[in-house]
Amino acid sequence: MKNYTIYSLLFVFLFSFQINAQSPAKKDSDDDSKEKSKEAKKPKSYEDIITKDAVTDHGLFDIHKVKEKYYYEINDSLLGREMLMVTRIAKTASGIGFGGGKQNTQVLRWHKKDQNILLRVVSHSVVANDSLPISEAVLNSNFEPILYSFKIETVNRDSTSTVIEVTKLFTDDVKPLGYPQSRRKSYKITSLDSKRSFIESLKSYPQNIESRHVKTYNSSEPPSNASVGAISLEINNSMILLPKVPMRRRYSDQRVGWFDRSQVDYGLDNQESKSLKYLDRWRLEVKDEDLERFNNGELVIPKKQIVYYIDRATPVKWRQFIKDGIEDWQVAFEAAGFKEAIIAKDPPTKEEDPDWSPEDIRYSVVRYLASPIPNANGPHVSDPRSGEILESDINWYHNVMTLLRNWFFVQTAAINDEARGVAFKDEVMGRLIRFVSSHEVGHTLGLPHNMGSSSAYPVDSLRSATFTDKFGTAPSIMDYARFNYIAQPEDKGVALMPNIGVYDKYAIKWGYRPILSAEKAEDEKAVLDKWILNNQNSLLHRFGSAGIDPSSQTEDLGNDAVKAGEYGIKNLKRIVPNLI
Ligand SMILES: [Zn+2]
């Protein structure tokens, strides 16, 4: 019994001791959780966010992929800088059109605001000079919309860069970066299906970031596979750093054909606002050490040459012909005061430069695409502030050769036995490839079609070997003056297609020759006018866009369409009996 009491007392004592011992411990753990919640509010360290599992791609912004999340690490020196976002459809469902089509172009700016990074859209369509009172009104009515807001996740060790998570920018339905609103209506697109949308890749290069994402939209009228009730597209956004100092503009003039862009200027001394148009062109400048030679009329190599790379996928036997087509333009740039202004190169091999990619904005590439589309095209990307062409990729579809064979056969087989076979000799096809290469490169230099060019030549001159040898079959390679269907079998040695012609040299001079005496774009006008007036009565220097003007038509040749047509029909009558 005594023992029992002692044990009971001991038990009570021990029990109470345990309680006492536990109490402070419980208090400790309360403090711990407070501590932890404080920690959650404390900014996370760089290593907490960009963990050791991160896969990093260095470039304009460093891109980190951590598991399923994508982060941009933005160097603070790039905050506020203007960037051009070009949105294209990279791959499409059949029925929507060719892949590669440009959908949207915008200038963006990344801004830091408290604990967020804002992505804002900048407009360059309206301006007024900063020094004018009206500039404030222009600024106020062009408040930059915010496309997206990102929470700052962390900063790097020396606080020179900011990290944000961008996954949702590409997986959410951010319309300016996806399929355009205007086109959603045609397929009755209702919403984005996020379960069937994902990021394919985000890649960073020194001056651009390329993102590819697949978007699936619910649609009640898809162009194909109607039973699926959806459209899937692969979208490509290129974000390109714009130069700190925009190139000097050159204002356009409708008497010389150029791809141009326009801007409304409220600062001009006019009673109504006026739209200013300026050329899309490459930045070709004279090196400081060459100024004197340039002024003395010597040809000089520009500070930065225009370089085109030939896609590694191009069949070896066609490469030289494509290169020749590119460098054929050198002669036109000589009229602008430059030598070797445009050159063609093979890209480095994977061993020489494993990072080289046609997606890198620093490289313009003639891309060879294995596609049944019988076409080639030459789009370019330019700085909306100045018109500076930043990059251009020519798309060369394999089946452009089918098109060339058919044209060359129909238009020249009557007088040209080399155009009579089912497959042409490589030499013959190569010459045609060179011609198309030159024409497409012409577009990427800023030149549109000049359908008025071919009517400058008398029809009968196109039957003369000496005339066509000297002048080609049209003054411009930018006309649709494909092959000489006027020449008759007795016209030996006559040229069959145009070269870089009188008009092309004149247009390149007009758009590219630096006017060193001018201090600003406006001062160039008198000189540019003079260059036009020097040739005002010459049909060889005429520009005509396609339209109702009978002398500015596609596929015509010479100055008399009826006479040219009669010669052409004579030739067709020679071909037809040989077809069966
Ligand atoms: Zn064209």
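How would you summarise the packing of aromatic side chains if you had to cite specific residues and measurements?
Per the counting criterion, the structure on display carries 21 aromatic pairs. Look at Tyr309 and Tyr363: their rings are 5.5 Å apart centre to centre, the planes differ by 85°, and that puts the pair in the edge-to-face class. Of this pair, Tyr309 sits in strand 16 (residues 306–310) while Tyr363 is found in the loop between strand 17 (342–345) and strand 18 (364–369), placing the two residues 54 residues apart along the sequence. With a relative accessible area of 12%, Tyr309 lands in the buried category. An aromatic cluster is present here, built from Phe61, Tyr72, Trp110, Tyr148 and Phe150 joined pairwise through their rings. Above the plane of the ring of Tyr278 lies Arg249, whose end atom (NZ or CZ) is 4.0 Å from the centre. In this structure, Arg482 packs its charged tip against the face of Tyr480, placed 3.8 Å from the ring centre.

Explain the coordination of the zinc ion residue by residue, including any values.
Around the zinc ion, the donor atoms from the protein are His439 (NE2), His443 (NE2) and His449 (NE2), and they sit 2.1 Å away. Of note, the donors binding the zinc ion are all from one chain and are spaced H-x3-H-x5-H. Of the residues examined, His449 reaches a relative accessible area of 25% and is grouped as partly exposed.

Run through the confidence of the model for the protein, naming residues and quoting values.
Taken over all residues, the pLDDT of the protein has a mean of 86, while the share at 70 or more is 86%. Under a pLDDT of 50 for its full length, residues 1–29 has, in the predicted model, zero contacts with residues more than four places off or in other chains.

Mind laying out the sheet that holds strand 22 (residues 394–397), listing which residues take part and the relevant values?
Within a sheet, each strand pairs with its neighbour through backbone hydrogen bonds, oriented either parallel or antiparallel. Sheet architecture is open: five strands sit in the order 17-16-18-22-19, paired in mixed fashion. A strand with exactly one partner marks an edge of an open sheet, and here the two such strands are strand 17 and strand 19 (376–377). Here strand 16 pairs with strand 17 via four bridges, running parallel. What sits directly across from Val307, in strand 17, is Ile343. Where helix 7 (residues 316–327) meets the sheet, it contacts strand 16, strand 17, strand 18 and strand 22, and its direction lies at approximately 170° from that of strand 17. Together, strand 16, strand 17, strand 19 and strand 22 form the strand contacts of helix 10 (residues 426–444), whose direction differs from that of strand 22 by roughly 150°.

Help me get a handle on unusual backbone geometry, residues and values and all.
Excluding glycine, most residues fall at negative phi; most peptide bonds, likewise, are trans. Look at Asp114: it is not a glycine, yet its phi comes out positive at around 50°. With respect to the element layout, Asp114 can be found in the loop between strand 5 (102–113) and strand 6 (116–122). With a relative accessible area of 62%, Asp114 lands in the exposed category. Even without being glycine, Lys188 reaches a positive phi, approximately 50°. With respect to the helices and strands, Lys188 occurs in the loop between helix 5 (181–184) and strand 10 (189–192). Judged by its relative accessible area of 43%, Lys188 is partly exposed.

So what's going on with the side chain of Arg385? Which residues, and what values?
Mapping Arg385 onto the fold places it in the loop between strand 20 (380–382) and strand 21 (389–392). Overall, Arg385 belongs to the buried group, its relative accessible area being 11%. A distance of 3.1 Å separates a polar atom in the side chain of Arg385 from a polar atom in the side chain of Glu82. Here the side chain of Arg385 touches Pro243 through a polar contact of 2.7 Å, landing on its backbone oxygen. Contact partners of Arg385, with chain neighbours within four places excluded, come to Glu82, His124, Leu242, Pro243, Pro246, Arg249 and Tyr278.

Run through the side chain of Ser552, naming residues and quoting values.
As for its position among the elements, Ser552 is in the loop between helix 13 (525–533) and helix 14 (561–575). For Ser552, a relative accessible area of 1% gives the class buried. Setting aside its immediate chain neighbours within four residues, Ser552 contacts Met451, Gly452, Arg542, Gly544, Ser545, Ala546 and Gly547.

Lay out helix 14 in plain terms, naming residues and giving numbers.
Residues separated by three or four positions in an α-helix point in the same direction, a consequence of the helix having 3.6 residues per turn. If you check helix 14, its first and last C-alpha atoms are 21 Å apart, about what 15 residues at 1.5 Å a residue would give, namely 21 Å. Inspection of helix 14 places Ala564, Tyr567, Gly568, Asn571 and Ile575 among the buried residues, and these make up the whole buried set. The buried side chains of helix 14 occupy one side of the element, clustering within an arc of 100° when seen end-on. Opposite the buried face of helix 14, by more than 90 degrees, sit the exposed residues Val562 and Lys573. As for helix 14, its buried residues are in contact with helix 9 (400–412).

Conventions adopted
Residues numbered from 1 in each chain as written. Predicted model: local features only at pLDDT ≥ 70, side-chain atom pairs only at ≥ 80, totals over all residues. Heavy atoms only, no water. Phe/Tyr/Trp six-rings, centres within 6.5 Å; stacked < 30°, edge-to-face > 60°. Helix = DSSP H or I, 4+ residues; strand = E, 2+ residues; numbered from the N terminus. Buried < 20%, exposed > 50% of the residue type's maximum accessible area, 1.4 Å probe, protein only. Lys NZ or Arg CZ within 6 Å of the ring centre and 35° of its normal. Donors = N, O, S within 2.8 Å, 3.2 Å for Na, K, Ca; no water. pLDDT = per-residue confidence, 0-100. Contact = heavy atoms within 4.5 Å. Pairing = 2+ DSSP bridges. Axes fitted to C-alpha atoms, helices over the stretch in contact; angles between N-to-C directions. Polar contact = N/O pair within 3.5 Å; in protein donor to acceptor, adjacent residues only side chain to side chain. Expected span 1.5 Å × (residues − 1). Arc of directions from axis to C-beta.

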